[in-house]
Amino acid sequence: MSEARLRRVNKEIADCQNDKASGILIALVDDSPFHLVGTFPGPENSPYEGGNFDVDIVVPDGYPFQPIKMKFITKVYHPNVSSQSGAICLDILKDQWTPILTLKSTLMSLRSLLCSPEPNDPQDAEVAKHYLSDRADFERTARYWTEIYANGSESARPPNADDDAAALARRKKGVKEDPALVAGLKLEHVEQFVNMGFERNAVIDVLKRLNYRGANVRNVTDDRVVNELLGI
Amino acid sequence: MSDMSDENFYDDIEDTMDEDSAYGYDDEREESGFGGNTDSDEEEEAILDDYGDVDDAFGTNDIGKERLKNWQVEFKSHSVESIVQAQKKEIDHVASMFMIKDTDAAILLRHFGWNKERLIERYMDSPEKVNLEAGVHEDPSRPRLQKLANFTCEICYLSSEDSPGGKMETLALACGHRYCKDCYQHYMEQKIQEEGESRRVQCMKEKCNLVIDEKTVGMVVKPRIFERYKTLLNRTYVDDSSTMRWCPAPNCELAVECHVSVKKLDKVVPSVRCDCGHPFCFGCGNAAHAPAVCPIVKLWLKKCEDDSETANWISANTKECPKCNSTIEKNGGCNHMTCRKCKHEWCWICSGPWSEHGNSWYNCNRFDEKSGSDARDTQAKSRASLERYLHYFNRFANHEQSARLDRDLYGRTEKKMEEMQLTSELTWIEVQFLKKAVDTLTECRMTLKWTYCMAYYLAKDNMTELFEDNQRDLEKAVEDLSEQLEKPIERDSIPDLRQRVTDLTVYVQKRREIMLSDTATGFEEGRWRWNVTF
Ligand SMILES: [Zn+2]
Ligand SMILES: [Zn+2]
Ligand SMILES: [Zn+2]
Ligand SMILES: [Zn+2]
Ligand SMILES: [Zn+2]
Ligand SMILES: [Zn+2]
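Overview of the structure. (Residues numbered from 1 in each chain as written. Chains lettered and ligands numbered in written order. Predicted model: local features only at pLDDT ≥ 70, side-chain atom pairs only at ≥ 80, totals over all residues. Heavy atoms only, no water.)

Brief notes about the packing of helix H7 (residues 187–194) of chain A against helix H8 (residues 200–209) of chain A
Each pair of packed helices can be summarised by the angle the axes make with each other and by the distance between the axes.
All names here are of chain A.
Now for step 1: Viewed as axis vectors pointing N to C, H7 and H8 meet at an angle of 125 degrees, and their least axial separation amounts to 9 Å. Comparing their axes, H8 and H7 come out oblique. In this structure, the crossing between H7 and H8 has a hand that is right-handed. Contact residues: Leu187, His189, Val190, Glu191, Phe193 and Val194 in H7; Arg200, Val203, Ile204 and Leu207 in H8.
Now for step 2: The residue makeup of the contact of H7 with H8, split by class, is seven nonpolar, one polar and two charged. (Axes fitted to C-alpha atoms, helices over the stretch in contact; angles between N-to-C directions. Helix = DSSP H or I, 4+ residues; strand = E, 2+ residues; numbered from the N terminus. Parallel < 35°, antiparallel > 145°, perpendicular 65-115°, else oblique. Left-handed = near helix turned anticlockwise from the far one by under 90°. Contact = heavy atoms within 4.5 Å. Nonpolar A, V, L, I, M, F, W, Y, C, P; charged D, E, K, R; others polar.)

Structure, rendered in structure tokens:
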């Protein structure tokens, strides 16, 4: 069984390395073929275009009869991806998995998930709310995330806290991430409440929770925001 | 919240529950001409009265022989064997009607969730379409098992050259997607053992929905795993059925049949009792929760879970005497507290003096909404809403805890009674009144508990006053009986005690019945309005 697993994974890795056309890269972490990093370019004509997305891959003992475990290393603003942990909500990673699927086909499914979110089966409820309430505004934030988080890495590489490729590239370009923009909020909205004497991070938290974005802003009264900030 | 879970609670008492005490008075039940039962989906209004005859796999015409109260529903327990039999009957029927293999008939029935009528209708219309949808089709020109040369399995990447004799054992379903037999075995065993899957296991090809039938499974997996598969398959009969539910009691293998449709759960509480003794709600599987209906129970349990930290202090077992501040431990279920030090009498729930609760005015069940409306600013409002919640939760949790304490107390009393039995002329039958009383008390406390959940979500109007009056009367009766049980037992006073306890038991049962019957009537009449939407 474990022999079959090793044979199959090795062959899959070799296949990927020989196929340059797909744009999908796979690299080993710690020399084990069962812990990998996959990288693919963000799909064209999507807010993820121009970014490179790293995915942590764990090949379970029961592979290929058990689904591969995958989560995003690169931060992604997407309804089906946790903005905190990178966990992914995708049927083929759960009950719709079949042994005929491969590392490559699964990474390609992830890539197409980026183009076609399923906001009704969300992994990140807040992001999904943003997506459903104002699509254009959501895309603006997703593009911002792509720019600040997904712009540095060009090939699959193991994650390393000290040498985070995206952070490095950001520093080089002099881009500073703004927590308000990361949360998908408008700077003037945040400043409006900061000027009332509230702490900036608290304002960001509350506005995020109330989905104070795009068209939804008119549904949230200033009183509501202030009450939340006061903890009432 | 976990320490108050009904499941645990019933675990403790299951073995001591009295079968007869379930639904009030046995002697008031009458024989009546109930026929079979029907899924009364179509007749929205007929909730309990219009049961017609219907063809059903169990051939059960013996459900609900007694005249039911308006808050009771018909139900019946079934063993695993009778479930297997019922399936076989359905499968044979469909197989002979369509002249198809019984394995295919089984797949079709499972695909239609055992709704035979719908299957027949659809199959008559277009058998090909139904077969395709359900994943049944057959191509005799394509052998299932085949030893092949020059074959490479797309899953394990092994080829015929790797196999002895240069030939590989392969398997394909009617769709022709062929893989090696070893991979099929691993696949099936993973699905059966690790995922507990049975009827839904499909061909390994992506998006091919062909279901792997029982015979094929038998060909590839080990006998032990095939047995497991068949057990799982049997279970799906109940899982898929809208009129069957497994008894949630741990280690119980029975299933209960009940024909209250999901659409009625906002008006009917289908309380059932498995033959093992476990009382539960057929609608949601939680421990019995009448008179509250499933949707509000769901809201309530969620709320209690979310607010458990705020409300934690309530579950504490000790309180200080409101007068002299000495610590008092609650040792029985009764809420009438008497301080050992200063003799102050007070109510465990509200800490108010007991004298205000006693005879004619027992107002501890009602939350004073006025204090809420006085609240002006938002902060006070949210405090008022927390207080309102705590008011109801407090009482809800208290009955849960009291029922447990009543049980403990009974355990001690029973021991004492046994001793007395040895030294006096009392017979075993004569000391049974206490058991009956405690069983009734438990049941009434469970009902009371859920009235507080219901009250929390009721919109305040004239109707709720009536509801609260019934609740108050039941609560008073319960506390009276509970208090009686706490009295010390002396040999000479037993006949007296027995009379008093028996009278109170009958009375408290009557109060419970009034409570349940009035709420059920209220649901029928659409009398209850909620302060939430669900
Ligand atoms: Zn194979
Ligand atoms: Zn197939
Ligand atoms: Zn049972
Ligand atoms: Zn229920
Ligand atoms: Zn005292
Ligand atoms: Zn009180």
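As for the packing of aromatic side chains
Now for step 1: Under the definition given, this model contains 29 aromatic pairs over all chains.
Now for step 2: Their ring planes at 75 degrees and their centres at 5.7 Å tell us that Phe467 of chain B and Trp528 of chain B sit as a pair that is edge-to-face. Of this pair, Phe467 of chain B sits in helix H14 (residues 462–486) while Trp528 of chain B sits in the segment after helix H15 (494–525), and the two are 61 residues apart along the sequence. Neither residue differs from the other here; Phe467 of chain B and Trp528 of chain B are each classed as buried.
Now for step 3: Among the aromatic residues, ring-to-ring pairing joins Trp300, Tyr389, Tyr392, Phe393, Phe396, Trp450, Tyr452, Tyr456 and Tyr457 of chain B into one connected group.
Now for step 4: The ring centre of Tyr157 of chain B lies 5.6 Å from the NZ or CZ of Arg8 of chain A, which sits over that ring.
Now for step 5: Sitting above the plane of the Tyr389 of chain B ring, Lys303 of chain B keeps its charged end 4.7 Å from the centroid. (Phe/Tyr/Trp six-rings, centres within 6.5 Å; stacked < 30°, edge-to-face > 60°. Buried < 20%, exposed > 50% of the residue type's maximum accessible area, 1.4 Å probe, protein only. Lys NZ or Arg CZ within 6 Å of the ring centre and 35° of its normal.)

Details of the interface of chain B and chain A
Now for step 1: With 16 residues of chain B at the interface, the matching set in chain A holds 17 residues.
Now for step 2: At the boundary of chain B with chain A, the tally comes to zero salt bridges.
Now for step 3: For the interface between chain B and chain A, the tally reads three residue pairs in polar contact (both at pLDDT 80 or more).
Now for step 4: For the side of chain B that touches chain A, the elements supplying multiple residues, two or more each, are helix H6 (181–194) and helix H12 (378–423) of chain B.
Now for step 5: No other element matches H6 of chain B, which puts five residues into the side of chain B that touches chain A.
Now for step 6: Per-class residue counts for the side of chain B that touches chain A are eight nonpolar, four polar and four charged. (Salt bridge = Lys/Arg side-chain N within 4 Å of Asp/Glu carboxyl O. Polar contact = N/O pair within 3.5 Å; in protein donor to acceptor, adjacent residues only side chain to side chain.)

Quick look at the coordination of the zinc ion (ligand 2)
Residues and elements named next belong to chain B.
Now for step 1: Note on the zinc ion (ligand 2): its protein donors are Cys175 (SG), His177 (ND1), Cys203 (SG) and Cys208 (SG). The metal-donor distances range over 1.9 to 2.3 Å.
Now for step 2: Coordination at the zinc ion (ligand 2) is tetrahedral: its four donor atoms span angles of 99 to 117 degrees at the metal.
Now for step 3: Summarised as a motif, the one-chain spacing of the donors to the zinc ion (ligand 2) is C-x1-H-x25-C-x4-C. Taken together, the residues Cys175 in the loop between strand S3 (168–172) and strand S4 (178–180) and Cys203 in the loop between H6 and helix H7 (214–220) connect sequence positions 28 residues apart.
Now for step 4: Owing to a relative accessible area of 2%, Cys203 belongs among the buried residues under this scheme. (Donors = N, O, S within 2.8 Å, 3.2 Å for Na, K, Ca; no water. Tetrahedral: all angles 85-135°; square planar, octahedral: opposite > 155°, others 65-115°.)

Digging into the pairing of strand S3 (residues 52–58) of chain A
All names here are of chain A.
Now for step 1: Here S3 lies mainly inside the structure; six of its seven residues are buried.
Now for step 2: Here four bridges tie S3 to strand S4 (residues 69–72), and the two strands are oriented antiparallel to one another. If you follow Val55 over to S4, its bridge partner there is Phe72. (Pairing = 2+ DSSP bridges.)

Description of the sheet that holds S3 of chain B
Residues and elements named next belong to chain B.
Now for step 1: Read across the sheet, three strands follow the order S2-S3-S4 without closing on themselves; strand pairing throughout is antiparallel. Both outer strands of the open sheet, strand S2 (145–148) and S4, are each paired with one neighbouring strand and no more. The mean inter-strand angle of the sheet, taken between neighbouring strand axes irrespective of direction, is 40 degrees.
Now for step 2: Taken together, the four bridges between S2 and S3 define a ladder with antiparallel strand orientation. Across the sheet, Leu148 pairs through a bridge with Met168, a residue of S3.
Now for step 3: Contacts from H6 reach S2, S3 and S4, with the element oriented near 85 degrees to S4.

Observations regarding the sheet that holds strand S5 (residues 244–246) of chain B
All names here are of chain B.
Now for step 1: Here we have three strands laid out as an open sheet, ordered S1-S6-S5, and antiparallel in their pairing. On the outer flanks of this sheet lie strand S1 (76–78) and S5, each paired with one strand and no other. Along the sheet, successive strands turn relative to each other by an average axial angle of 30 degrees, direction set aside.
Now for step 2: Bridge analysis of S5 against strand S6 (residues 255–257) gives three bridges, and the strand direction is antiparallel. Within the sheet, the bridge partner assigned to Arg245 lies in S6 and is Val256.
Now for step 3: The strands touched by helix H2 (residues 80–98) are S1, S5 and S6; relative to S1, the strand with the most contacts, the crossing angle is about 90 degrees.
Now for step 4: Docked against the sheet, helix H8 (residues 223–240) engages S5 and S6, running at close to 125 degrees with respect to S5.

The values reported here are purely geometric and, on their own, carry no functional implication.
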